[in-house]
Amino acid sequence: MTRDSSEFSQRKRSLRPEELARISRLEVRAREVVEGFLTGMHRSPYFGNSIEFLQHREYVAGDETRHIDWKVWSKTDKYYVKLFEEETNLRTILLVDASESMRFGSGSSSKFDYACSIAAALAYLLLRQQDSVGVVTFDSAIRNVVPPRSKQTHFGTVLATLTADEPKRKTDIFQILRRIAEDNSRRGMIVLISDLLTDRDGLFRGLKLLRHRGHDLLVFHVLDDQELDFEYSGTTRFEGLEETGDLTCDPRALRDGYLKAMQTYLDEVRRECARNKVDYQVIRTSEHIDAALASFLSKRLGMRQALRS
Amino acid sequence: MGWLTSLFSPFVLNPAVAAAGAGLIAAPILIHLINRMRYRKVRFAAMEFLLASQQKNRRRVLIEQLILLLLRVLIVIGLILLIARLVLDPSALALLRAGAKTHHVVLLDDSGSMRNRVVGSTAFEEAKDIVRKLISEAARESGSQQLTLILLSQAKQNAALVTEADIDDELLNRLDTTLGNLACTHQAFDLSDGLDAARQRLLPERSGARLLHVLSDFRQTDWLDQPKLLNDIGDLGKSDVAVNLVRVAGTDSANLAVTTVAGDLGVASAGIPVRVSVGITNFGASPAENVAVGVTQDRQTLPVAERVPKIEPGDEVFAEFDIAFQTPGRHALRFELNDDALPADDMRHAAVDVAASHPVLIIDGTAGRSDGPGLLADALAPVPGLSGVSPRIAPVDFLRRNPLSEYRAIYMVNVPSLPPDAARLLENYVESGGGLAWFLGDGVQPEFYNAELLTRREGAGETGRRRQRENSPSRTAEQPSNVGLFPVPLATTRRSRELNPLSQALDISFRPVGRFKPFAGELGKYWRGTHVATYLPAAEAWDRDDDRRADGVTTVARLRGGEPIALMHRYGEGRVLTVLTSAGQDWTNWPRQFIYVPFVLESFKELASRDSTIRSRDVGTPLDVRLPAAEFDPEVRIERPDGTAIPIRATPIATSASASDAPLLLEATYLETDEPGIYKVLTAPASGGALREDWHALNAPTAESRLRLADPQVIRKQLTGVANVTLRDPGDLSWLQVREAGRDVRLVLVVVLIALLVGEQALAYRMSYHPPAPLRARFRTA
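Keep in mind it's a predicted model, so treat the numbers as computed, not measured.

Draft legend 1. Representation of the overall build of chain A. A count of helices and strands for chain A gives ten helices and ten strands. Looking at chain A as a whole, 42% of its 309 residues are labelled buried. Restricting to contacts in chain A with at least 6 residues of sequence separation, those with at least 24 account for 75%.

Draft legend 2. How the structure looks around the packing of helix α2 (residues 15-22) of chain B against helix α4 (residues 47-84) of chain B. Residue and element names in this part refer to chain B. Between α2 and α4, the least distance of the axes is 8 Å, while the angle of their chain directions is 160°. Taken together, the axes of α2 and α4 lie roughly antiparallel to each other. Where α2 crosses over α4, the two elements pack in a sense that is right-handed. Every residue of α4 that contacts α2 at Pro-15, Val-17, Ala-18 and Gly-21 is listed here: Ile-80, Ile-83 and Ala-84.

Draft legend 3. Quick look at the interface of chain A and chain B. Each side of the interface is counted separately: chain A has 38 residues, and chain B has 31 residues. Secondary-structure elements contributing two or more residues to the side of chain A that touches chain B are α8 (225-229), β8 (236-240), β9 (246-249), α9 (251-275), β10 (279-284) and α10 (289-308) of chain A. Counting residues per element, the side of chain A that touches chain B draws most heavily on α9 of chain A, which supplies nine residues. Of the residues contributing to the side of chain A that touches chain B, the split by class is 17 nonpolar, twelve polar and nine charged. Bridge count between β8 of chain A and strand β1 (residues 40-44) of chain B: five bridges; the pairing is parallel. Residue pairing in the sheet places Gly-240 of chain A in a bridge with Phe-44 of chain B of β1 of chain B.

Draft legend 4. Focus on α4 of chain B. The largest bend in α4 of chain B comes to about 65°, at Asn-57 of chain B. Directly beyond the C-terminal end of α4 of chain B, a positive phi value near 60° is found at Arg-85 of chain B.

Draft legend 5. Fine view of the nonpolar core. Membership of the largest hydrophobic core comes to 112 residues, with the highest contact counts inside it found for Leu-376, Tyr-411 and Met-412 of chain B. Element by element, the count of residues in this core is highest for helix α19 (residues 596-608) of chain B, at six residues. Contacts of Leu-376 of chain B, omitting those with residues within four sequence positions, involve Ile-362, Tyr-411, Val-413, Ala-583 and Val-600 of chain B. Within the second largest apolar cluster, 78 residues are counted, among which are Val-96, Leu-126, Ile-193 and Ala-253 of chain A.

Draft legend 6. View of the pairing of strand β15 (residues 329-336) of chain B. All names here are of chain B. When strand β11 (residues 288-297) meets β15, the two strands line up antiparallel, connected through four bridges. Each bridged residue has a counterpart across the sheet, and for Thr-296 the counterpart in β15 is Arg-334. As judged from the eight bridges shared by β15 and strand β16 (residues 347-354), these two strands associate in the antiparallel manner. Counted as the bridge partner of Gly-329 is Val-354 from β16.

Draft legend 7. Just the pairing of strand β8 (residues 242-247) of chain B, in detail. All names here are of chain B. Of all the six residues making up β8, six are buried; the element is thus mostly covered by neighbouring parts of the structure. By the alternation rule, side chains of β8 split into Ala-242, Asn-244 and Val-246 and Val-243, Leu-245 and Arg-247, which are all buried. Where strand β7 (residues 209-216) lies against β8, six bridges are found, and the strand directions are parallel. In the sheet register, Val-214 faces β8, and the bridge partner there is Leu-245. Bridge count for β8 against strand β35 (residues 725-728) is four bridges, and the pairing is parallel. Along β35, the bridge assignment pairs Leu-245 with Leu-727.

Draft legend 8. View of the sheet that holds strand β7 (residues 216-223) of chain A. All names here are of chain A. Strand order in the open sheet formed by six strands is β5-β4-β3-β6-β7-β10, with mixed pairing between adjacent strands. Both edges of this open sheet fall to β5 (142-149) and β10, since each of them pairs with a single strand only. Pairwise comparison of adjacent strand axes, ignoring direction, gives a mean angle of 15° for this sheet. As defined by bridge partners, strand β6 (residues 189-194) adjoins β7 across six bridges and the pair is classed as parallel. Across the sheet, Ile-193 pairs through a bridge with Phe-220, a residue of β7. Along the sheet face, α9 touches β7 and β10 and points at about 150° away from the line of β10.

Draft legend 9. Examining helix α4 (residues 111-128) of chain A more closely. All names here are of chain A. A rise of 1.5 Å per residue sets the reference length of α4, with its 18 residues, at 26 Å; its end C-alpha atoms lie 25 Å apart and thus fit the reference within 8%. The buried fraction of α4 amounts to 18 of the 18 residues, a majority that puts the element mostly inside the structure. After α4 finishes, the residue Gln-130 shows a positive phi value of roughly 65°.

Draft legend 10. Quick look at the confidence of the model for chain B. Residue and element names in this part refer to chain B. The share of residues in chain B with pLDDT of 70 or more is 90%, and the mean pLDDT across the chain is 83. Note that pLDDT drops below 50 for residues 468-479; the model gives that stretch five contacts with residues more than four away or on any other chain. Overall fold confidence (pTM) sits at 0.57, and the ipTM for the predicted complex is 0.74.

Draft legend 11. A look at the sheet that holds strand β27 (residues 617-618) of chain B. All names here are of chain B. As summarised here, the arrangement of the five strands in space is β27-β34-β33-β29-β30, forming an open sheet in which the pairing is mixed. Single-partner strands in this sheet number two, and they are β27 and β30 (645-649). Judged from the five bridges that link them, strand β29 (residues 632-639) and strand β33 (residues 677-685) form a sheet pairing that is antiparallel. Along β33, the bridge assignment pairs Glu-639 with Lys-680.

Parameters at a glance
- Residues numbered from 1 in each chain as written.
- Chains lettered and ligands numbered in written order.
- Predicted model: local features only at pLDDT ≥ 70, side-chain atom pairs only at ≥ 80, totals over all residues.
- Helix = DSSP H or I, 4+ residues; strand = E, 2+ residues; numbered from the N terminus.
- Buried ≥ 20, exposed ≤ 12 C-beta atoms within 10 Å, placed from the backbone.
- Contact = placed C-beta atoms within 7 Å.
- Axes fitted to C-alpha atoms, helices over the stretch in contact; angles between N-to-C directions.
- Parallel < 35°, antiparallel > 145°, perpendicular 65-115°, else oblique.
- Left-handed = near helix turned anticlockwise from the far one by under 90°.
- Nonpolar A, V, L, I, M, F, W, Y, C, P; charged D, E, K, R; others polar.
- Pairing = 2+ DSSP bridges.
- Bend = angle between axes of the 7 residues up to and from the residue.
- Core = buried A, V, L, I, M, F, W, Y, C linked by C-beta atoms within 7 Å.
- Expected span 1.5 Å × (residues − 1).
- pLDDT = per-residue confidence, 0-100.

As structure tokens, then:
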């Protein structure tokens, strides 16, 4: 813990101390929210290798022979395999968008900084609950990969990875998500932290693919205040990040049209996420991270309770 | 810059400011362009949405920006016009531009027609009200305002009621009293004189605004076909004088006037009725019916009122009166109608000098051998006192020995020749207004007549001709006649005609000349049976055509065959009747005819009365009094129509050295003759005794009775192309607030400017970003 604290203090850009303090308070609620947050506290919904027997099932071709309960065979002359309740940590992969568009920020920090903060906060939260956390940063390709680990010292690795990157290139979301799906056959939670300013079709296909592979998906849609409110005034030359073109205009005149297009886009993303059962949250970079997480977690809690009941 | 200034000059008071400000119109455009060039750079991620918005709103944004730009340009223009003081009315602009000094010259028409009654008042009173309002409005204006008030009656003398007086409250109070006491004259004046007077006062001024306000009733007679008047106005307009023609009468008024008094008043005798024709003219636009005409003699209404059934517009209809004067001496007659729009012309005055009888001299050239003189005397006075004429028959020598001026007419009957002094005395007599009749006979020596009487002597008759020209200006164009006392050269031998004494054919036919007109008409038939057997014809060479000859001699009667038998001509102030046959029965049978007596009486009236129409002078004519200094006291008294007596003093006339031996004359002139009526000039003989009276009847001029107003459209048409001249309608006083117009424009401009600013702000607000309170919540994490 001491080591972690020193790392936090060194990485102020990623996680400020007051944010850490807030995140600590979130822990109590987080336990109830994230399934398998802490080992043994919850039953896993998945079957797997563990020490606690669950039930028998008749052997079918393809089952591993090592799971055959020979005692039952000796008594009944039939092959049964033993099923155990899996007792595993939550495998969470944090996908952080490091494309050039994430460099935008009207305030003191960019969207990428904010995304890193969210990723760090979640990593901290999950590691505190002894879940395994991995981090993947990407732009047009995967830049850095930190495989999921649950060791406390892993947090430093995560932070180092997050701080190592500067957004540079365009986003190619579908290829990234497809790659993640291929590399992570074991189901887990995937948290995508991005501004989603990319090919929408690729985004939706990628999300659908991950859901198809059984992953639990969370999307933190990080947007700057100016992107949401567009409060520019005076003649302005907008230079597009990710080679999206330039435009000199009076932003006041285009504001209504911009906001309308933005709203349409957000509605579309929200609708698509809902359709694929993806938790979706738009987060303003001006909002406190804890507030964003609290809102998100409370919403997720409500959703789980509804599922169980 | 200069051309820009001149471009703005017709519209704004300060064209230089407008020219300088014109550059500012480009300011919004420049600011817009500079803003387009000066931009900040923002690296932006969500370009996709921004580009989509730009694509969708490109046209709308462009239009909105153009409108906004236009509004801002208009605001700048509005501000410039406000500062440069936009004035739409050119006359108001001229007035304002002149800056401090404004000279109002008011030409107030106070001629007789302005007495025309309009609703509840007169045109003149309306005009005075306008003057008051004009002064009142001008007094409220800033800057130096001056007033010159010219009455049309004083224009010819170049006098003014007020001259370049500063318009302030003091002047307002002073003029209020002056205008209150100011009365309209009865006289006729020429508007050109008024414009001349105004021009003399306005044109020398070069600084300041100059305005001429002409307040008149604008009658047809004054304004239509008056090229001089239009030229005068045009000259004023060209000289940058703003001319306001202000009509004070709006509608035509019906007006009847007594325009003529004609008759034998010149030969009126006591106790003898005199026929007087009174002409009433309808100056209105519709017929007048049942018009009553009354007569007053010496302030007593006579019981002889006449009614004229109908008078068509423009017509003059005569009413006949037989008026008798009981006593000899001076009498005043007044013929009057009921009051109408213009009361001044509803009466006409006449002063009549009634004689006990009129002496007539008949010169018998044959010393009693002819019955002509006797027959003439019988015809003139059949019974003593019946005709008011006292004939006296005398030989030729009588002319040399007795004063002729007491005789109203002299009949020369069969006079062979005249001694030279008698001829000169006769010439003087006729020249000074006496009447002369020639009757020929067998004693007449044509050679003498042709040699001595045919041609006017050198210098003779000049005085009379001059007086004649003065009294009747219309005759000045007439060729001066050189005809002497006898009008026609005679043939040397008489001409006898073969006549049937029983024939009833008309041998003598009259032409409608003077008093002989009835003989050419209804009395013509009574000449049947009258024959001229012998006469002295005019010389062969003499042209029988009056018009071609044009020597002032008029043929009164011709014989059958065209030979003239009776002729009339003027000699000085007198008239001459020439009959080329005898007065008696020697050569003709007409003394035996009934028609002889009327002919002789009419010839007497023709010769005795200087004019068949009672000579009437217009009001305003000065009364000139000339007196021999030795015989009269210099104190002269004028008795006005209202009975008041005004004493004036006659002063000696300055005489040249060459005329130093002439008797000294005193002269006095009385000018205050505006009131119609009888003016009595009373002079006292130096030897004492009764005052000598001289009566003058002054009447309103007929020209002022023509109240028909000129059509404003016609006046405007005449004024087409004349700069700076505006015709104002009656009751339209908006021109008085000429400066208010400038203020109105400013007010309108301010309102427009406010509207533009509000519009600009509204549009700018619409195009700018103003976050509503709940907006941030829109994208909060749902």
